[in-house]
Each structure stands twice: as C-alpha cells, then as structure tokens.
Amino acid sequence: RVLVLFATALFLATSVGAFSSGAQLLPAKVKTTPTTTTRRRSHIPSSALLHPPLYYGNDGGSIVDRQEAAPSSPLERFQREASKTRAVDKDCIITISGKRYNMTAWANSHPGGSKILLKFHDKDATKAFEAAHHSAEAYAMLKDFCIDGDNTASNDHQVTTASAETQLEKKTWRGRLRKKLFTKEDPIGVHKYLGLFCLLNFIGRYAQMYFFDPAAGLGTRGHPWFSMACLLPHALLSLTSLIFHTVPKERVVGKPMIWQEYRVHNIIFGVRSVVTALAAALAIRFNNAPVARNLAITFSGACVLLANYGADKATEKLRAVEVESTTATMPYWDGCSIETQKKFKDFYAYCQFMATLACLSCGNPAWPLAVLLAIQLASLLMTLVRKGLLSARGYHYGYTASLVVPYFVGLRSMLFTQTYEFPFMLALAYGMYQLRRRGVSKYALWIPVVLGRLLVGDKFISYSAW
C-alpha cells in the first residue's frame, strides 16, 4: 500500500509540474535559413532525385540544413525525425572497372557509410568493391549512377561478375546465407557462434521465467552456478562486436543499421545487464547475508550511473551529427506516419527507464537478463537489415516484440511473490520518463533514485523469494 501511495503521489507531482510549466512544453520554433546546393544535376540519377539532399522541418515546410535543425526545447528532443539527407555535401565520384559513377546523391545511404565512398573520390575503387562481395542487386544499382554516357553496355563487367556470383549463390541457400552472415573480419565465426548460444540461452531462460522458475535458474532452484556461467557469453557477445572495423561512424540514412555510437551504447548497456544480474545472483549464493545484499545493491547502483556516464562519453566522442539521437532519429519504413513513429519512440524511451530500473532493483536476478534480450536482439536485427535479409518494418516490429516480453516476466514475478514491486517500477519509470521529456537531467533523475535504493535497502524488496 505504501508503494502504491508513493506511485500515485509521483503521478500527481508529474502532472502538476507539467501543467505549471505549460509554456515551456511548447517547442520553440526553429530558426531556419534556406540553403542551396551547387551540385550538377546532370550527375545525379533520376532515382536519387526522389530523395533530395535537404529535408523539411516541422515549422510549416521551410527547408533546413541537417546541421541547422537542432531542436530548441527538451520536449522536442523526443520529436526528432530521422534525417532523409541521402546526399553528401562533397562530390563523390568513383571509378569501378574503368567506368565512373557519381554516388554523391546516395552516399549517406551506403550500408558501409559515406566515408568509405568519399575515400575513393576520383580514385579507382574496383578492388575494394569486388573485395566487399557485393550482391547482384548492388551491381545492378550501378547503372543508375553511371556518368560515362551510354551505360547500357558499360556494365558488362558488373553484369558478368554479378551473374557469376548469383549462379554460385543459387547453388545452395546455405552458401548464400553463410556468405551474408560470415565476414572476413570474423572468419571462424566467434561472434556468430556466441550469438547463436545467447539466442538459445534466451529461449531456455524465458521458458523458465514464464512456466517454471521466475528467477530463470539464477536463484536457489536448479543449477545456479551453471546459470551464472551462461551469462558470461552474453558479455562476450557484446564485446566481440568490436572486431568489426567496417561499422560506419555516421548513421546510415534510410534504414536502421548499426553505427559506431550505437555499438558502444549496446556494449555498455549489455554488460550492465550481465553484471547486475550476476550481482543479484551472487547475493543469493551467499544466503542473502546483509553484507552481500548491501554490496550487490551498491554495485548495481554504481553500474547504473557509470553506464549512463559511459554512454554520454561515447556520444560525445562518436556522434557525427549533434541533432541526432540513438532512439528518436531511428529510420522507419517508407509510408510510416508521424503518429505511428511517435508511438514507437514513446514506447522505446519508456522501456529504457524500465530496463535501468530492472538492473537497479537487485531483487529477481532474472530481470536484468530479461531486458538484455532487446539490447542484443536489436544488433542482430540491424545486421540483418544491413545484409538485406530484413526490412525496416521488420526491424521495428521485432525490436518492439523483444521489449514487450520482459513485462510478462515482471507480471509473473508479481504473481509469484504477491508484492507490488513491479507495479511500482511501472509507475516510477513513467514518472521519470515524463520528467525527462520536460528537460530534467538524467543525472538529476537517476542519482536520487539510486540513493533512494541504497537508503531503502531491502525493506520493500522480496529478495528472499528467489
């Protein structure tokens, strides 16, 4: 009852704060200045002209440059849209097999990033292009960007090579799939086999959480030491993603694909989930002794704050465009309405608060593992998008499903313990999300919550049930 009353008070405080600062909730208008381009339109293929290098702002249709569209209020931070700027601001003309191609109007949509294309401006990129083992579709795209006169017969080399590769791929679907998923950066498939193990482990642990042991074997039931050992490959999976050196620094325009900032965030929050789950499980192994419980709670709180700080530092070092956000400016599929995008973004942002609270709770050791699914599955889905095996719509549906399933784990835990921990987390996450939208610093939110968790200790936590 105390927790429900506290949650109700938090809702009221949030609502009062929202209405009392109503003037600040309205996003200020963005000052925009028309920009011009000096590119030769004759070098831009008709297919690329469908996606011009400028996008329209939210102020009634004025054209704004990608760098000038910085949101001017905290609320508008959650209303950002993915950039549609497919063109780069420099000429990007490359040579492949003796033919010149103007990639300027499409460079930002290149799955490997625009910088690799700009690196070969006015240079021969034949060896690099063939070494990348592009698909037949990639070869077919070249004709749209050819600027050496009649390109009907200019793609003989590309068509021949693409045809040979296509015939080879058609021999066996396993060979085609292996070629897409196994790269020269991971020739023996360490990252892939770790991913397969983690996927199977998620299936097994979720089956436990749903139908058998709500603690997924990390408590006093089953084989807890084995279950804890099974968490380590999840941390290794996140860390071994660093072996891939072709991940672009800038975000690819048009589709959700991995870029360097997102990868580092994924590593930080993935490892956070693993170590906080281990901390809660180890406390149980030491018979929930007061010292062990206090150490686990303190460690989990430190991990939450350090993860936020580390993510901010990664953003500061790796973010290529200041107006972007890892969640708010994620690309969606063509035809996805603004309202639909807003619903996705709101849910994604709310789930981030729930995931952090799950790591901080230090109650059911399976909670941090449950929220880890979405973190690691997102990288897999983005990889499939990059390989052309999944659409943008498929990514968002799959990622949303991975965010939904942990809520059933929380519901099962609530029914198992007959306590109000999970409803309280739901209310607290909502209140924090609303305050964050209104400009409250993440540290001003999380430091008091972490300190409160340390002060409250285990007075309202049903840790002994696990």
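Rules and cut-offs
Residues numbered from 1 in each chain as written. Predicted model: local features only at pLDDT ≥ 70, side-chain atom pairs only at ≥ 80, totals over all residues. Heavy atoms only, no water. Helix = DSSP H or I, 4+ residues; strand = E, 2+ residues; numbered from the N terminus. Buried < 20%, exposed > 50% of the residue type's maximum accessible area, 1.4 Å probe, protein only. Areas by Shrake-Rupley, 256 points an atom, 1.4 Å probe, with all protein chains shown as cover. Axes fitted to C-alpha atoms, helices over the stretch in contact; angles between N-to-C directions. Left-handed = near helix turned anticlockwise from the far one by under 90°. Contact = heavy atoms within 4.5 Å. Nonpolar A, V, L, I, M, F, W, Y, C, P; charged D, E, K, R; others polar. Phe/Tyr/Trp six-rings, centres within 6.5 Å; stacked < 30°, edge-to-face > 60°. Pairing = 2+ DSSP bridges. Salt bridge = Lys/Arg side-chain N within 4 Å of Asp/Glu carboxyl O. Core = buried A, V, L, I, M, F, W, Y, C linked by side-chain atoms within 4.5 Å. Patch = residues over 30% accessible without salt bridge, like charges linked within 9 Å, V, L, I, M, F, W, Y side chains within 5 Å.

**Overview of the overall build of the chain**
- For the chain, the helix and strand inventory stands at 19 helices and four strands.
- Burial status across the chain gives 48% buried among its 466 residues.
- Accessible surface, the chain as shown: approximately 23,400 Å² in total, 64% of it carbon and sulfur.

**Description of the packing of helix α10 (residues 190–211) against helix α17 (residues 392–417)**
- The contact between α10 and α17 brings their axes to 9 Å, and the two run at 40°. Between α10 and α17 lies a crossing whose hand is left-handed. The residues of α17 that touch α10, namely those facing Y206, Q208, M209, Y210 and F211, are V405, P406, F408, V409 and R412.
- Counted by class, the contact of α10 with α17 contains eight nonpolar, one polar and one charged residues.

**A closer look at the packing of aromatic side chains**
- This structure, assessed with the given rule, holds 15 aromatic pairs.
- With a centroid separation of 5.7 Å and 75° between ring planes, the pair formed by W333 and Y397 is classed as edge-to-face. Separated by 64 residues along the polypeptide, W333 in the loop between α14 (290–318) and α15 (338–361) and Y397 in helix α17 bring together distant segments of the chain.
- For W333, a relative accessible area of 12% puts it in the buried group.
- Take Y397: its relative accessible area is 45%, and that puts it in the partly exposed class.
- Judged by centre distance (6.4 Å) and plane angle (25°), the ring pair of F344 and Y397 falls under stacked. Placement of F344 in helix α15 and of Y397 in helix α17 is noted, with a sequence separation of 53 residues between them.
- These aromatic residues form a ring-pair network of at least three members: Y332, W333, F344, Y348, Y395, Y397 and Y399.

**A word on the pairing of strand β3 (residues 93–96)**
- Burial along β3 is two-sided: the face carrying I93 and T95 and the face carrying I94 and I96 are both buried.
- Summarising the sheet, β3 and strand β4 (residues 99–102) pair through four bridges and their orientation is antiparallel. Residue pairing for β4: I94 is matched across the bridge by Y101.

**Examining the environment of S227**
- On the secondary structure map, S227 appears in helix α11 (residues 224–229).
- Linking S227 and N201, residues 26 residues apart in sequence, is a C-alpha distance of 9.5 Å.
- Excluding its chain neighbours within four sequence positions, the residues that come into contact with S227 are R205, A216, G217 and L218.

**Concerning the environment of M425**
- Following the sequence through the fold, M425 ends up in helix α18 (residues 421–437).
- Note on M425: relative accessible area 8%, which makes it buried.
- For the pair M425 and G410, spaced 15 residues apart in the sequence, the C-alpha separation amounts to 9.6 Å.
- Ignoring any residue separated from it by four or fewer positions in sequence, one finds M425 in contact with M354, L357, A358 and W367.

**Points about the pattern of salt bridges**
- Applying the stated rule across the entire model yields five salt bridges.
- For the salt bridge of E316 with K313, the shortest nitrogen-to-oxygen distance reads 3.6 Å. One end of the pair is E316 and the other is K313, both in helix α14 and three residues apart, which spans about a single turn.

**Considering the nonpolar core**
- Membership of the largest hydrophobic core comes to 66 residues, with the highest contact counts inside it found for Y395, Y399 and W446.
- Broken down by secondary-structure element, the contributors of at least two residues to this core are α10, α13 (260–285), α15, α16 (366–386), α17, α18 and α19 (442–456).
- With 14 residues, α16 is the single largest residue contributor to this core.
- Contact partners of Y399, with chain neighbours within four places excluded, come to Y348, A374, A378 and L381.
- By size, the runner-up hydrophobic cluster in this structure holds 13 residues, among which are C92, I96, Y101 and Y139.

**A closer look at a nonpolar patch on the surface**
- Among the surface-exposed residues, Y193, L196, L199, L200 and I203 lie close enough to one another that they form a single nonpolar patch of about 510 Å² accessible area.
- Structurally, I203 is set in helix α10.

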